[in-house]
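# Understanding the architecture of this molecule
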Amino acid sequence: MTYRRDGNEVAALKTINLDIGAGERLAIIGESGSGKSTLALAIAGLLPASSRIEGRLDWFLPSSPSSGAKAPPSVLPDISPPRGEITPSFRLSPITEIASKELPSKLPISPLAGEMSGRTEGGGTDRQPKFVPLGGRDIGFVFQDPSASLDPVMAVGKQIAEVAYTHLGLTWPQAYAKAKSLLERVRLPDPDSALRAFPHQLSGGQKQRVAIAAAIAAGPKLLIADEATSALDTIVQAEIVALIRRLVAEDGMTLLFISHDIALAAELAERIAVFRHGELLELGPTAQIVDAPTQAYTRTLLDAHIGLDATPLLNRAGLNA
Ligand SMILES: Nc1ncnc2c1ncn2[C@@H]1O[C@H](COP(=O)(O)OP(=O)(O)OP(=O)(O)O)[C@@H](O)[C@H]1O
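Residues numbered from 1 in each chain as written. Predicted model: local features only at pLDDT ≥ 70, side-chain atom pairs only at ≥ 80, totals over all residues. Heavy atoms only, no water.

In the annotation of an unreviewed UniProt entry, the entry for the protein chain reads Peptide/nickel transport system ATP-binding protein, and the organism field reads Mesorhizobium sangaii. UniProt, in its Subcellular location (unreviewed entry) section for the protein chain, records the words "Cell inner membrane". The Sequence similarities (unreviewed entry) comment attached to the protein chain in UniProt states, word for word, "Belongs to the ABC transporter superfamily." (UniProt positions renumbered as here; feature names shortened; annotations may be inferred.)

Given below as structure tokens:
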């Protein structure tokens, strides 16, 4: 994945191959410029026009209630930045080809082909509507700076309601009711007044709670939190981490938590991926990354943390959401 800058191509991500289990909490850590945000933006389809990307995103839908967890249908959309380019050779092959070669038991969908063919429970072939994960609906995104992600001249209730109105097909009164219940879920004091508040009337932590409410308003399957706590002080940071943990558990969301802070990542994630210079250096269960990293760079990240803060990396739970 490259950005064009001053006529040159800057490689932001090299070959990355990463899987996230449904319902899993995966953290990506690494120093500034290692490509964490670029990956998050690529997944959400938010890369700028100056980007060029080659790759593919395989997105597996949960199985229908009748089919149980044994044979989940799947979809295979490309990573498709709205204004970026995808190198043609990396576009999906005809779906049936991929299904027979790589994913014999799955039901892939090609947004490029615009249709899906897959196997029904009885083993026959069925045509189903295409599915492409959509940012805002299927993927919720929480940015570092809530002041930048919220509209300063729109009441926060409307900002949340708009997501529900747009993606869930609700009426405005229903969307506002949903916004109020979300403000309750993110524990904003006095949700009725908060609905009418403007971002500048809220604290940094409260604004991030609103941004999180908006991010989950359409019931996304995947929540991406990109340095979502970095602009907050330590106490508020811990509260927002606890909030994210609770909401992800309550809604059964998958979490991609991006942070430069290995301690925060260890608090929240089941697995940690370590990025450096646009490459995936190391990936493993949190305890293994913290206790027995295989890469010297990961060790350096751990040592830097321990040097600054003696709080154990694991077992820092117990904070209020
Ligand atoms: N819009 C852009 N245009 C040009 N280059 C970019 C752009 N965004 C990021 N880059 C470059 O891509 C590389 C990866 O940046 P990225 O923001 O993904 O890293 P990061 O690990 O998220 O860093 P940080 O924690 O500082 O946000 C860096 O070299 C950066 O300078």
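So, next bit.
With that settled, consider helix α8 (residues 234–251). Over its 18 residues, α8 runs 26 Å from end to end, which matches the ideal 26 Å to within 8%, given 1.5 Å per residue. For α8, every residue scored as buried is listed here: Val236, Gln237, Ala238, Ile240, Val241, Ala242, Leu243, Ile244, Arg246, Leu247 and Val248. Looking at the packing, one finds that the buried side of α8 touches β3 (25–29), α5 (172–185), α7 (204–216), β10 (222–226), β11 (254–259) and α9 (262–268). You can read the cap of α8 off the contacts: a side-chain oxygen lies 3.1 Å from the backbone nitrogen of Ile235, and it is on Asp233. (Helix = DSSP H or I, 4+ residues; strand = E, 2+ residues; numbered from the N terminus. Expected span 1.5 Å × (residues − 1). Buried < 20%, exposed > 50% of the residue type's maximum accessible area, 1.4 Å probe, protein only. Contact = heavy atoms within 4.5 Å. Polar contact = N/O pair within 3.5 Å; in protein donor to acceptor, adjacent residues only side chain to side chain.)

Another aspect to go through is the pairing of β11. Within β11, six of the six residues are buried, leaving the element largely enclosed by the surrounding structure. Of the two faces of β11, the one lined by Thr254, Leu256 and Ile258 and the one lined by Leu255, Phe257 and Ser259 are each fully buried. Bridge analysis of β3 against β11 gives five bridges, and the strand direction is parallel. Note on β11: the bridge partner recorded for Ile29 is Ser259. In terms of strand pairing, β10 meets β11 through five bridges, oriented parallel. Paired with Leu222 across the bridge in β11 is Thr254. In this fold, β10 hands off to α8, which returns the chain to β11; that crossover is right-handed. (Pairing = 2+ DSSP bridges. Right-handed = clockwise from strand over helix to strand, strands pointing away.)

A few words on the site of the ligand. The ligand sits among Tyr3, Arg5, Ala12, Glu31, Ser32, Gly33, Ser34, Gly35, Lys36, Ser37, Thr38 and Glu227. Taking Glu31, its main chain carries an N or O atom lying 3.5 Å from an oxygen atom of the ligand. Between the ligand and the protein, one listed contact pairs an oxygen atom with a backbone N or O atom of Gly35 at 3.0 Å. For the ligand, whose unbound accessible area comes to 620 Å², protein coverage reaches 67%. Of all elements in the fold, only β1 (2–5) and α1 (36–44) reach the threshold of two or more residues within the shell around the ligand. Among the elements that make up the shell around the ligand, the one with the highest residue count is α1 (three residues). Looking at the shell around the ligand residue by residue, the class counts come to two nonpolar, six polar and four charged. (Near = heavy atom within 4 Å. Areas by Shrake-Rupley, 256 points an atom, 1.4 Å probe, with all protein chains shown as cover. Nonpolar A, V, L, I, M, F, W, Y, C, P; charged D, E, K, R; others polar.)

Moving on: the pattern of salt bridges. All told, the structure shown has 14 salt bridges when counted by the stated rule. Linking Arg56 and Asp58 is a salt bridge whose minimum nitrogen-to-oxygen distance equals 2.8 Å. On the accessibility criterion, Asp58 (29% relative accessible area) is partly exposed. Across the pair Arg209 and Glu239 runs a salt bridge, and its minimum N-O distance is 3.8 Å. Pair noted here: Arg209 is in helix α7 and Glu239 is in helix α8, with a separation of 30 residues, a long-range link. For Arg209, a relative accessible area of 10% translates into the label buried. Several salt bridges converge on common partners, so that one network encompasses Arg4, Glu9, Arg52 and Glu54. (Salt bridge = Lys/Arg side-chain N within 4 Å of Asp/Glu carboxyl O.)

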